[in-house]
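Listed below, chain by chain, are the residues.
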Amino acid sequence: MQQAFVLPLEDSFVIRGDVHTTAGPGEKQPVLIFCHGFKGFKDWGSFPYVADTLAAKNMTVIRFNFSANGVGASLTEFDELEKFGINTYARELADLHVLMRAILDRELPLAEHFDTEHIFVMGHSKGGGDSVLFGADHPAIKGIITWNGIANVNLFDEIVRQEVKENGIAYMINGRTGQKMPITPEVIEDVDQNEEAYDLVKKVSQLDKPLLIVQGEKDFGRLVQGAKRLKEAYPKAMLHWIGEADHVMNTRHPFTGTSAELEEAIEVTAQFVLQNTQL
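Residues numbered from 1 in each chain as written. Predicted model: local features only at pLDDT ≥ 70, side-chain atom pairs only at ≥ 80, totals over all residues. Heavy atoms only, no water.

Going by what an unreviewed UniProt entry lists, the chain is known as Putative dienelactone hydrolase and is assigned to Brevibacillus laterosporus LMG 15441.

**Q** Please clarify how the pattern of salt bridges should be interpreted in this entry.
**A** Oppositely charged side chains can pair when the atoms bearing their charge come close. Within the structure shown, the criterion is met by 13 salt bridges. The shortest N-O distance in the salt bridge between K57 and E267 comes to 3.0 Å. With a gap of 210 residues between them, K57 in the loop between α1 (47-55) and β4 (60-65) and E267 in helix α9 (residues 260-278) connect regions that are remote in the sequence. A relative accessible area of 26% means that K57 is categorised as partly exposed. For the salt bridge of K202 with E196, the shortest nitrogen-to-oxygen distance reads 2.9 Å. Through salt bridges with shared partners, one network takes in D18, K42, D43 and R63. (Salt bridge = Lys/Arg side-chain N within 4 Å of Asp/Glu carboxyl O. Helix = DSSP H or I, 4+ residues; strand = E, 2+ residues; numbered from the N terminus. Buried < 20%, exposed > 50% of the residue type's maximum accessible area, 1.4 Å probe, protein only.)

**Q** Even after reading the chapter, I still don't get empty space enclosed by the protein, so can you show me in this structure?
**A** Picture a little ball the size of a water molecule; that probe, rolled over the atoms, points out where space is still empty. Following the criterion strictly, the structure yields 4 cavities of 30 Å³ or more and no others. By volume, the largest cavity is sized at about 130 Å³. What lines the largest cavity is a set of 18 residues, among which F38, F84, N87, E92 and K126 lie closest to the centre. For the lining of the largest cavity, the secondary-structure elements that each account for two or more residues are α3 (89-104) and α6 (185-193). With 3 residues, the single largest contributor to the lining of the largest cavity is α6. Here the residues of the lining of the largest cavity are counted per class, giving 8 nonpolar, 6 polar and 4 charged. (1 Å grid on protein atoms, 1.4 Å probe; cavity = no way out; pocket = protein on both sides within 12 Å on 5 of 7 lines; lining within 4 Å. Points joined across faces, edges and corners; volume = space filled by probe spheres on them. Nonpolar A, V, L, I, M, F, W, Y, C, P; charged D, E, K, R; others polar.)

**Q** Mind showing me how you'd approach the layout of surface pockets here?
**A** For the largest pocket, the calculated volume is near 690 Å³. Forming the walls of the largest pocket are 26 residues, and the residues nearest its centre are F38, K39, S125, F220 and H247. At 4 residues, the largest contribution of residues to the lining of the largest pocket is made by helix α8 (residues 221-233). Here the second largest pocket defines a volume of roughly 210 Å³. For the second largest pocket, the lining is made up of 14 residues, of which N152, V153, N154, E195 and D199 are closest to its centre. Put simply, the parts of the chain that give the lining of the second largest pocket at least two residues each are α6 and α7 (200-205). Tallied by class, the residues present in the lining of the second largest pocket amount to 6 nonpolar, 2 polar and 6 charged.

In structure tokens form, the structure reads like this:
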């Protein structure tokens with residue numbers, strides 16, 4: 001079963017999402033919240049397939065779009081670039097709090113299947129950073145999973161920063177669509193003013209709950225090194241390397257089929273959720 005939902009926020013901002021479950025009548029399952037990354041969205045490539053496949057492994061999966069990710073009602077096109085330009089970690093964390101309240105208050109579709117005693121958060125790339133920041137501090141989160149996740153929230157090089165400083169806006173090219181994705185001072189200021197609060201390595205070092213780091217060995221070097229730093233900061237973390245996996249587990253958008261690397265990531269994720277549900 002899959003059902004869509006919309007959570008209206010202030011102004012024209014909304015959280016759009018989908019709930020996936022294979023639970024039968026009266027059955028409750030652990031809940032897995034899935035966060036997309038930078039220039040990502042819930043319907044990117046393999047993500048619907050990932051949600052379906054994990055749901056088939058006895059968990060209920062919620063994938064969603066952050067309210068300012070730049071993708072509107074089209075679900076697959078960056079048709080709200082003005083929102084992308086003001087999307088901050090603070091806004092994404094606020095979105096997660098709204099989503100969590102809706103889960104706990106059973107306001108989402110198929111909520112009768114939510115085991116709210118076992119809620120996990122998972123994120124790809126930048127979404128891995130969101131998952132750590134949110135999951136570390138929210139008492140309802142029982143475990144955190146990152147797929148090729150960041151270890152540093154600052155995604156902006158000096159060229160982008162200088163352009164923002166001089167022009168009040170900078171643009172990053174979307175390699176897939178060719179679109180110029182705007183970055184405003186609000187985004188840079190959020191990173192700089194919250195440097196300590198958003199310190200992912202420090203946050204991980206203080207964790208008191210399970211963490212799974214799934215990392216492709218053929219991913220970008222900074223993320224490969226970042227995974228090692230997170231593991232060093234929190235030795236209890238499970239670091240699972242996937243030998244030939246690139247940043248998107250060797251899949252593409254539009255989705256043309258799964259890969260051995262994606263299946264490995266799905267399997268280790270399912271095992272982590274189910275093992276930590278049984279504890």
